[in-house]
Amino acid sequence: MNLSRRTLLAATGATAAISATTLATSAGAAHAQSGDTADEPVEAVGTVGFDALLQRAETLLTGGAFDPSDTDFAAAVAALDTTAKGLWETLDRSAGRTALWPDLSPVTDPGNFGQSYTRLRTLATAWATPGTSLAGSTEAADSLVAALRFAHDTAYNPAKRETGNWWFWEIGAPRALMDCSVLLRDHLPAADLAAYLAVVDRFCPDADRRTNSPTLAETGANRTDKAVIVALRGLLGQDAAKLASARDALSDVRDSGRNSLFRYASSGDGFYRDGSFVQHDVVAYTGTYGAVLLGGAAYLLSLLADSEWAVADPSVSVMYEAVERSFAPVVFDGLMMDAVRGRAISRERAGDHRDGAAAVAAILLLATGAPAAYADRWRELVKGWLTRNRTTPFASLATLPQLALAKAVLNDRTIHPGPRTTGHFVFADMDRVVHRQARWGCTLSLSSKRISAYEAGNGENLHGWYTGDGMTYLYDGDDLGQFNDGFWPTVDPYRLPGTTVDTRERTDLGTGAGTSTYRPTNAVAGGAVLHDRYGAAAMELIGPAGTTLRTKKSWFLLDNAVIALGAGVSSSDGRTVETIVENRNLGPTGTQRLLVDGVRQPAEQGWTQKFGHARWAHVDGVGGYVFADPTDLHALREERTGTWRAINTGADTGGSTDPVTRRYLTLWVDHGVSPAGAGYSYVLLPGASAAATAVWSHSRPVRIVANDTTAQAVEARRQGLTAVNFWGAGTAAGITASGPASVLVQRRGRSLTVAVADPSRTLTSLTVELPFSVRRVVTADDTVSLAPGRRPVLTVTVGGSRGHTHTATLS
């Protein structure tokens with residue numbers, strides 16, 4: 001089991017879970033005893049010393065005591081043993097060795113010594129875990145001590161200078177080295193331990209700064225990672241100042257809290273008030289870096305609880321709020337949505353289920369110390385995820401300590417499985433929109449001059465060109481393998497669902513060292529939400545250098561439908577432009593039935609057809625597709641073969657060259673060569689039957705009333721709902737706006753509710769004129785004022801609102 005560097009960190013440290021009884025009291029438990037209020041400061045009990053905290057750190061790695069007769073624990077021990085056996089058998093233990101493993105030679109390469117320490121940690125964990133073939137072995141302990149000494153003397157010591165990827169020097173290697181030292185502390189000679197503490201002091205002296213660039217403050221998950229390293233170094237060296245430094249790094253007390261992890265960000269890295277999480281300044285990263293940050297904070301809260309270094313910052317509530325505000329909307333039955341996993345989508349050994357499991361582990365660990373008002377809700381939430389995910393059970397992904405907490409929740413009959421999260425979520429600060437219904441979810445991956453369209457680098461995410469161009473992820477509770485089952489190495493990267501692209505050939509991204517991002521020049525990306533139930537989302541697509549492609553894209557997300565509109569599709573490059581309605585992964589042998597206008601289409605691979613006036617289509621097990629106007633629809637069944645190596649050549653995360661084959665069913669609209677002012681309109685009906693799709697196509701319960709470069713609008717008359725995306729000043733569906741805006745209006749009897757947002761973030765104020773007679777304001781945000789009358793005018797102060805929604809209820 002050769003995991004990526006981030007997955008390994010999560011699995012064995014930063015997001016490790018611990019036995020529910022091991023840390024019965026923690027900083028959050030102290031909260032609970034003093035009233036269960038997240039805002040109340042915690043008094044450090046100060047009763048736990050260095051030795052007890054070191055034992056606690058060991059338990060965080062091994063899981064402590066567990067029932068070996070439990071089949072889940074037995075399977076986890078067997079999995080660890082299998083991995084450790086493979087590493088043990090290939091470990092070079094000869095006197096004249098030049099590397100610890102042949103495939104990690106030369107050991108002086110940062111990626112190689114970084115991964116060598118990671119493998120040594122796996123061996124040390126197996127040695128410290130009862131039931132493995134290496135458990136308690138004197139030979140294994142001696143060999144591990146010698147291997148650590150070899151790595152230090154040869155590759156990683158204070159005399160070395162950082163080269164290559166800084167992460168291995170300052171986070172990856174020192175974290176694994178400290179974990180190994182915790183596990184082997186009774187066997188390490190004092191001189192060896194002193195040498196290892198010295199190398200950590202050289203490359204990770206504190207959590208606040210980047211060692212190879214001291215003027216750069218560490219933020220987000222990197223700060224948490226380093227805080228954990230400094231804490232472990234403090235324990236092993238019995239250095240109280242180091243432990244205080246690690247604790248204070250979470251709050252950044254030396255910088256007036258400017259880079260505190262327990263504060264909401266307004267720019268750059270961290271959690272935002274709207275639930276967004278950003279890392280690397282401009283990348284939506286809840287699913288990887290966000291989970292590492294949450295897990296690292298949970299680790300330190302648990303590790304330092306009841307000691308004089310216990311975390312006592314009342315602003316830790318930011319972490320507590322993040323579970324339901326930031327994570328719950330983007331976790332679907334235990335998997336982490338790919339729209340918030342950045343370049344990790346290209347990692348073969350870190351798919352959406354594994355990153356979801358890391359988030360689950362972080363939440364469970366955080367719950368051990370959180371106030372009961374939070375922890376009780378989280379455990380119900382997690383139990384729902386764990387019980388519904390039968391595609392990749394958590395037990396097959398979890399380490400022993402993670403499994404201990406999960407089993408405690410699953411076996412507790414007083415904890416009831418929580419239902420799926422439902423609602424509409426606009427994460428304006430990271431250009432993501434998530435729409436959740438009881439049986440399905442739809443996520444939009446947008447981008448702008450504020451948030452990158454993709455991140456690539458270090459050989460990762462080589463084909464991520466269009467992942468931020470409005471890619472539409474459709475999640476179905478009956479198909480949790482859609483994006484996890486070989487999707488990324490086999491999907492046509494030019495035909496991602498929801499995107500509008502030209503067909504030019506692209507070169508690989510991120511082949512050099514370091515990571516890079518691309519931010520397009522458009523301002524509009526985001527939308528508005530009404531009643532946490534309905535949404536209007538918009539993105540202006542401005543192609544990168546090498547293309548003149550432009551289009552205005554809208555989505556309207558309702559109870560059972562997603563309406564997708566495009567206007568002004570234009571290009572002058574002499575290439576064909578396409579909008580991808582669907583590109584569904586059918587698995588290795590899938591033959592799901594396709595109907596077009598009620599007629600069953602062939603199921604053989606390689607079949608393709610153009611339908612000149614298609615009105616609707618249906619794919620078994622997925623849902624329906626309705627076209628507002630008779631559409632030239634193209635359909636293709638194909639079997640695609642690719643490799644993970646083709647999209648990720650990273651030194652430590654690179655995929656295998658083994659061929660992966662999956663079948664796809666693709667539906668798209670061809671706008672022709674160099675289109676001028678073309679458009680599209682289609683409706684997704686997730687989970688709908690063929691009969692329901694046909695009825696929807698005939699009855700048209702949602703009417704498209706505008707689709708041009710001034711405005712795109714729909715009316716759902718049964719709900720009394722009108723939704724409009726304005727691209728500038730204009731009128732549509734009887735509503736007039738003074739500038740770019742997303743507007744939703746719902747009329748119920750004599751009550752009228754309005755939601756308004758400025759997804760361009762270019763305006764100071766916005767006026768919206770309504771086609772209804774209004775007498776007064778019932779409730780309204782303080783940013784909204786009303787001039788009543790036969791055609792009332794709302795004035796909305798949108799400046800500084802960061803694209804968020806303003807609402808008012810009128811009579």
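Scope of this entry: the structure provided in the associated data block. This is a predicted model, so every value here is computed, not measured. (Residues numbered from 1 in each chain as written. Predicted model: local features only at pLDDT ≥ 70, side-chain atom pairs only at ≥ 80, totals over all residues. Heavy atoms only, no water.)

## Re the overall build of the protein
Condition: Numbering goes from the N terminus for both helices and strands, where a helix is a DSSP run of H or I of at least four residues and a strand is a run of E of at least two. We compute the radius of gyration from the C-alpha atoms alone; for a globule the expected value is 2.2 Å times N to the 0.38, where N is the number of residues. Partly exposed residues are those whose accessible area sits between 20% and 50% of the maximum for their type, while under 20% is buried and over 50% is exposed, using a 1.4 Å probe and protein chains only. Here, residues are in contact when the closest pair of their heavy atoms is within 4.5 Å. In these tables, accessible area is a Shrake-Rupley quantity obtained with a 1.4 Å probe, and a residue counts as shielded only by the protein chains included in the view. Only four residue types enter the charge count: Lys and Arg as positive, Asp and Glu as negative, with His and the chain ends excluded. Charge positions come from single atoms, namely NZ of Lys, CZ of Arg, CG of Asp or CD of Glu.
Helix and strand counts for the protein come out as 17 helices and 37 strands. Taken over C-alpha atoms, the radius of gyration comes to 27 Å for the protein, in line with the 28 Å a tight globule of 811 residues would show. Overall, the protein is about 80 × 60 × 50 Å in size when its C-alpha atoms are taken along their principal axes. Taking all 811 residues of the protein together, the buried fraction comes to 64%. When contacts within the protein are restricted to residue pairs at least 6 apart in sequence, those whose partners lie at least 24 apart make up 69%. Accessible surface for the protein amounts to roughly 27,600 Å². Of this, 49% is attributable to carbon and sulfur atoms. Each charge class in the protein can be summarised by its mean position, and for the 76 positive and 82 negative side chains these summaries are 6 Å apart.

## Regarding helix α7 (residues 166-183)
Our working rule: Expected helix span is given by 1.5 Å per residue-to-residue step, counting one fewer step than there are residues. Take the seven residues that end at a residue and the seven that start at it, fit an axis to each, and the angle between those axes is the bend at that residue. A 3.5 Å cut-off defines polar contacts: any pair of N or O atoms within that distance qualifies, except that in protein one atom must be a possible hydrogen donor and the other a possible acceptor, and neighbouring residues in sequence count only when both atoms are side-chain atoms.
For α7, spanning 18 residues, the distance from its first C-alpha to its last is 26 Å, which sits close to the expected 26 Å at 1.5 Å a residue. Along α7, the sharpest change in direction is near 30° and occurs at Ala-173; proline Pro-174 comes one to four residues later. Across the 18 residues that make up α7, a large majority, 18, are buried. For α7, the side-chain oxygen to backbone nitrogen distance between the N-cap and Trp-167 is 3.0 Å, and the N-cap itself is Asn-165.

## Focus: the sheet that holds strand β36 (residues 793-797)
Spelled out, the test is: Pairs of strands are assigned from DSSP output, requiring at least two bridges between the strands. Orientation is described by lines fitted to C-alpha atoms, with helices fitted over the stretch in contact, and by angles between N-to-C directions that extend from 0 to 180 degrees.
Taking strand neighbours across the sheet as the criterion, the 5 strands line up as β29-β30-β33-β36-β35 in an open arrangement whose pairing is antiparallel. Strands with a single pairing partner mark the edges of an open sheet, and in this sheet they are β29 (730-732) and β35 (784-787). Across the sheet, the mean angle separating the axes of adjacent strands is 20° when strand polarity is ignored. Relative to β36, β35 is paired through 4 bridges, and the arrangement is antiparallel. Note on β36: the bridge partner recorded for Ser-785 is Thr-795.

## Some details on the packing of aromatic side chains
Using the following cut-off: Classification of ring pairs uses Phe, Tyr and Trp, with its six-membered ring standing for Trp, and accepts pairs whose centres are within 6.5 Å; under 30 degrees between planes counts as stacked, over 60 as edge-to-face, and the remaining range as tilted. Two thresholds decide whether a charge sits over a ring: the Lys NZ or Arg CZ must be within 6 Å of the ring centre and within 35 degrees of the ring normal.
Counted by the stated rule, this structure contains 29 aromatic pairs. When the ring of Trp-169 is compared with that of Phe-203, the centres are 5.1 Å apart and the planes differ by 45°; the resulting orientation is tilted. Placement of Trp-169 in helix α7 and of Phe-203 in helix α8 (residues 190-203) is noted, with a sequence separation of 34 residues between them. Neither residue differs from the other here; Trp-169 and Phe-203 are each classed as buried. Where Phe-483 meets Phe-487, the ring centres are 5.0 Å apart and the plane angle is 75°; that geometry is what we call edge-to-face. Residue classification places Phe-487 among the buried positions, given a relative accessible area of 0%. Here a set of aromatic residues connected by ring pairs shows up, and it is made of Phe-332, Tyr-473, Tyr-475, Phe-483, Phe-487, Trp-488 and Tyr-664. Its end group placed over the ring of Phe-150, Arg-97 keeps NZ or CZ at 5.0 Å from the ring centre.

## Digging into the environment of Ala-159
With respect to the element layout, Ala-159 can be found in the loop between α6 (138-154) and α7. Through-space distance from the C-alpha of Ala-159 to that of Arg-202 is 8.8 Å; in sequence the pair is 43 residues apart.

## Points about the pattern of salt bridges
Put simply, the rule reads: Here a salt bridge means any side-chain nitrogen of Lys or Arg lying within 4 Å of a carboxyl oxygen belonging to Asp or Glu.
Across all of its chains, the model carries 41 salt bridges by this definition. Between Glu-58 and Arg-185 there is a salt bridge, with its nearest N and O atoms 2.9 Å apart. One end of the pair, Glu-58, is in helix α3 (residues 50-62); the other, Arg-185, is in the loop between α7 and α8, and 127 residues separate them in sequence. Across the pair, exposure class does not vary: Glu-58 and Arg-185 are buried alike. Notably, a salt bridge pairs Asp-429 with Arg-761, separated by 3.2 Å at the nearest N-O pair.

## Some details on the state of the cysteines
The test is simple: The criterion for a disulfide is a pair of cysteine sulfur atoms lying within 2.5 Å.
Counted by the stated rule, this structure contains 0 disulfides. Not part of a disulfide, Cys-204 finds its nearest cysteine sulfur in Cys-180, a span of 16 Å. Owing to a relative accessible area of 1%, Cys-204 belongs among the buried residues under this scheme.

## Brief notes about the environment of Leu-397
Summarising the element assignment, Leu-397 is placed in the loop between α14 (372-388) and α15 (400-410). For the pair Leu-397 and Asp-355, spaced 42 residues apart in the sequence, the C-alpha separation amounts to 9.7 Å. Beyond its immediate stretch of four places on either side in the chain, Leu-397 contacts His-353, Arg-354, Ala-357, Thr-392 and Gln-402.

## Regarding the pairing of strand β31 (residues 741-748)
Judged by how many residues are buried, β31 sits mostly within the fold: 6 of 8 residues are covered. Here strand β28 (residues 721-726) pairs with β31 via 6 bridges, running antiparallel. In the sheet register, Thr-722 faces β31, and the bridge partner there is Val-745. The pairing of β31 with strand β32 (residues 751-757) spans 7 bridges and is antiparallel. Looking at the pairing, Val-745 lines up with Val-754 of β32. Connecting β31 to the next strand, β32, in antiparallel fashion are 2 residues, including Gly-749 with a positive phi near 60°.

## As for the packing of helix α11 (residues 286-303) against helix α12 (residues 317-327)
What counts, and what does not: Our angle categories are set so that under 35 degrees counts as roughly parallel, over 145 as roughly antiparallel, 65 to 115 as roughly perpendicular, and the remainder as oblique. Note on convention: the crossing is left-handed when the near helix lies turned anticlockwise from the far helix by less than a right angle, right-handed when the turn is clockwise. In this classification, the charged set is Asp, Glu, Lys and Arg, the nonpolar set is Ala, Val, Leu, Ile, Met, Phe, Trp, Tyr, Cys and Pro, and all remaining amino acids, among them Gly, are polar.
Interaxial distance between α11 and α12 falls to 11 Å at its minimum, and their mutual angle equals 155°. Comparing their axes, α12 and α11 come out roughly antiparallel. At the point where α11 passes α12, the crossing takes the left-handed sense. Of the residues in α12, those touching α11 at Thr-286, Gly-290, Ala-291, Leu-293, Leu-294 and Ala-297 are Met-319, Val-323, Ser-326 and Phe-327. Among the residues forming the contact of α11 with α12, the class breakdown is 7 nonpolar, 3 polar and no charged.

## A closer look at the sheet that holds strand β4 (residues 277-279)
Read across the sheet, 3 strands follow the order β3-β4-β5 without closing on themselves; strand pairing throughout is antiparallel. Sheet topology places β3 (270-271) and β5 (283-284) at the edges, where each strand pairs with a single neighbour. Here 2 bridges tie β3 to β4, and the two strands are oriented antiparallel to one another. Bridged to Gly-270 within β4 is Val-278.

## Here we look at the nonpolar core
A general tendency of soluble globular proteins is for nonpolar side chains to be buried together. How we decide: We call a set of buried Ala, Val, Leu, Ile, Met, Phe, Trp, Tyr and Cys residues a nonpolar core when their side-chain atoms join them within 4.5 Å.
Formed by 169 residues in total, the largest nonpolar core has its most connected members in Tyr-117, Leu-120, Leu-123, Leu-303 and Trp-488. Here the element with the most residues in this core is α7; it accounts for 12 residues.

## Side note on the side chain of Arg-97
Looking at the secondary structure, you find Arg-97 in the loop between α4 (71-90) and α5 (110-127). Of the side chains bearing the opposite charge, Asp-92 lies closest to the buried Arg-97, which forms no salt bridge; the N-O distance is 5.6 Å. Within the local environment of Arg-97, its side chain forms a polar contact with the backbone oxygen of Ala-146, the two atoms lying 3.3 Å apart.

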